[in-house]
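Residue strings, one per chain:
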Amino acid sequence: MSIETWLEVGPGVFQGRYDPLDVSVGAVVGPHGVTIIDTLNNPAEAREIIRDAKRRFGQPIVAVANTHAHYDHTFGNQVFAQAGIPIYGHYLVPRHFEQYEKPHLQRIQAQPELEPDKSWDAVELTAPTALLDTAQRVQFGGREIELVPLDPGHTDTDLAIFVPDAGVWFLGDVVEESGPPMFGSGSYPLGWPLVLQGLLERIQETDAVVPGHGRVVDREFVAAQAAKFSGLAEVLSQAHSSGTPPGDIKYGQELRSYWPDEFLRSAAADAYRQLAQS
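Residues numbered from 1 in each chain as written. Predicted model: local features only at pLDDT ≥ 70, side-chain atom pairs only at ≥ 80, totals over all residues. Heavy atoms only, no water.

Draft legend 1. Focus on the side chain of H68. Take H68: it is sitting in the loop between strand 5 (61-65) and helix 2 (71-74). Beyond its immediate sequence surroundings of up to four residues, H68 is in contact with H73, T74, H154, T155, T157, D158, G172 and D173. (Helix = DSSP H or I, 4+ residues; strand = E, 2+ residues; numbered from the N terminus. Contact = heavy atoms within 4.5 Å.)

Structure representation (structure tokens):
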């Protein structure tokens, strides 16, 4: 794991891009402390965030927010919780942990050779200590931050984080820049475009959007990604209605050039399963 620098993406708001996986970590710096957004993949990486933030900002960390439940954004939570720092997240994170992250973690802890890059031997699954089911505006370190639980999209635990005085959004993996958005582990391909369309009603042309992975983007980028999701959702819905088996779905060149085949197969599996349950 490494970080090159903290990029200031709005007044007093920073993005750190951590390798591997080019994961975004946010820092909202106020006069009385720093709020950290997402905690990376394991306790060692979380401690690296703390060292980097202290060296760069010289302020105590007063709060943490998780953009969603996936391991590369939450498995450092325990370090902050053990330090008594409150962690904010979507109210469904504990359920998602039980369904997805806990079985994955237990499997790799029992057989670390299966995914040696994870370094999960010391991970203790730690849910947010403050669970949100409605939007809230909070004051952390002297900065106002809006925390907005989203409808199911990338997961059913997505939380948008908005810093109003800076015009900066942290959207986790609801938006991705360094690669195409991924499905699986609790994704909702049919709801995802609706989530993005709802966000676009609020995101301004001058706002900065920090994706879960990759460089900072703008409203135009989010709109283009929303259009891709809308096209995919239409294909999946029509295929399901016509009784087309998931493996026989025809996606068209635009979608196939955007998502690899394995991503499209995963999206179809998620969509068909959710349609069968509706």
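Draft legend 2. Representation of the confidence of the model for the protein chain in the model. With 99% of its residues at a pLDDT of 70 or more, the protein chain shows a mean pLDDT of 96. No element of the protein chain has a lower mean pLDDT than strand 1 (residues 2-10), at 82, and none a higher one than strand 11 (residues 168-170), at 99. (pLDDT = per-residue confidence, 0-100.)

Draft legend 3. Looking closely at the layout of surface pockets. The calculated volume of the largest pocket comes to roughly 360 Å³. Only helix 2 and helix 4 (93-110) provide two or more residues apiece to the lining of the largest pocket. Sort the elements by how many residues they give to the lining of the largest pocket and helix 4 lands first, with 3 residues. Taken together, the residues that form the lining of the largest pocket break down as 7 nonpolar, 8 polar and 4 charged. (1 Å grid on protein atoms, 1.4 Å probe; cavity = no way out; pocket = protein on both sides within 12 Å on 5 of 7 lines; lining within 4 Å. Points joined across faces, edges and corners; volume = space filled by probe spheres on them. Nonpolar A, V, L, I, M, F, W, Y, C, P; charged D, E, K, R; others polar.)

Draft legend 4. Representation of the pairing of strand 2 (residues 13-19) within the structure. Counting buried positions along strand 2 gives 5 out of 7 residues, so the element sits mostly inside the fold. Where strand 2 meets strand 3 (residues 23-30), 6 bridges bridge the pair, whose relative direction is antiparallel. Pairing of R17 across the sheet is with S24, part of strand 3. Counted along the chain from strand 2 to the antiparallel partner strand 3, the turn is 3 residues long, and its residue L21 has a positive phi close to 80°. (Buried < 20%, exposed > 50% of the residue type's maximum accessible area, 1.4 Å probe, protein only. Pairing = 2+ DSSP bridges.)

Draft legend 5. Fine view of the packing of aromatic side chains. All told, the structure shown has 14 aromatic pairs when counted by the stated rule. Here the aromatic residues F183, W192, F229, Y258 and W259 are joined through ring pairs into a cluster of three or more. The ring of Y258 is capped by K228, whose NZ or CZ atom sits 5.0 Å from the centre of that ring. (Phe/Tyr/Trp six-rings, centres within 6.5 Å; stacked < 30°, edge-to-face > 60°. Lys NZ or Arg CZ within 6 Å of the ring centre and 35° of its normal.)

Draft legend 6. How the structure looks around the packing of helix 6 (residues 219-241) against helix 8 (residues 261-277). In contact at an axis separation of 10 Å, helix 6 and helix 8 are set at 55° when each is read in the N-to-C sense. In terms of axis orientation, helix 6 runs oblique to helix 8. When you trace helix 6 past helix 8, the crossing you get is right-handed. Note on element contacts: helix 8 touches helix 6 through L264, A267, A268, A271, Y272, L275 and A276, opposite L232, L236, A239 and H240. Here the contact of helix 6 with helix 8 is built from residues that sort into 10 nonpolar, 1 polar and no charged. (Axes fitted to C-alpha atoms, helices over the stretch in contact; angles between N-to-C directions. Parallel < 35°, antiparallel > 145°, perpendicular 65-115°, else oblique. Left-handed = near helix turned anticlockwise from the far one by under 90°.)

Draft legend 7. How the structure looks around the nonpolar core. In this structure, L199, L232 and Y251 are the most contacted members of the largest nonpolar core, which totals 34 residues. Only strand 10 (159-163), helix 5 (192-200), helix 6 and helix 8 provide two or more residues apiece to this core. With 7 residues, helix 6 is the largest single contributor of residues to this core. Y88, A130, V163 and V210 belong to the second-largest nonpolar core, a separate cluster that totals 21 residues. (Core = buried A, V, L, I, M, F, W, Y, C linked by side-chain atoms within 4.5 Å.)

Draft legend 8. Structural view of helix 1 (residues 43-57). An ideal rise of 1.5 Å per residue puts 21 Å on 15 residues; helix 1 measures up with 21 Å between its terminal C-alpha atoms. Every buried residue of helix 1 is listed here: P43, E45, A46, I49, D52, A53 and F57. N-capping of helix 1 is provided by N42, with a side-chain oxygen placed 3.1 Å from the backbone N of A44. Positive backbone phi, approximately 65°, marks G58, located one or two places after helix 1. (Expected span 1.5 Å × (residues − 1). Polar contact = N/O pair within 3.5 Å; in protein donor to acceptor, adjacent residues only side chain to side chain.)

Draft legend 9. A look at the pairing of strand 3. Taking burial as the measure, the 8 residues of strand 3 include 8 buried ones, the bulk of the element. Residues V23, V25, A27 and V29 point to one face of strand 3 and S24, G26, V28 and G30 to the other, with burial holding for every one of them. Of the pairings in the sheet, the one linking strand 3 to strand 4 (residues 33-37) comprises 5 bridges and is antiparallel in character. The residue of strand 4 that forms the bridge with V28 is T35. Once strand 3 ends, the chain turns through 2 residues before running back antiparallel as strand 4.

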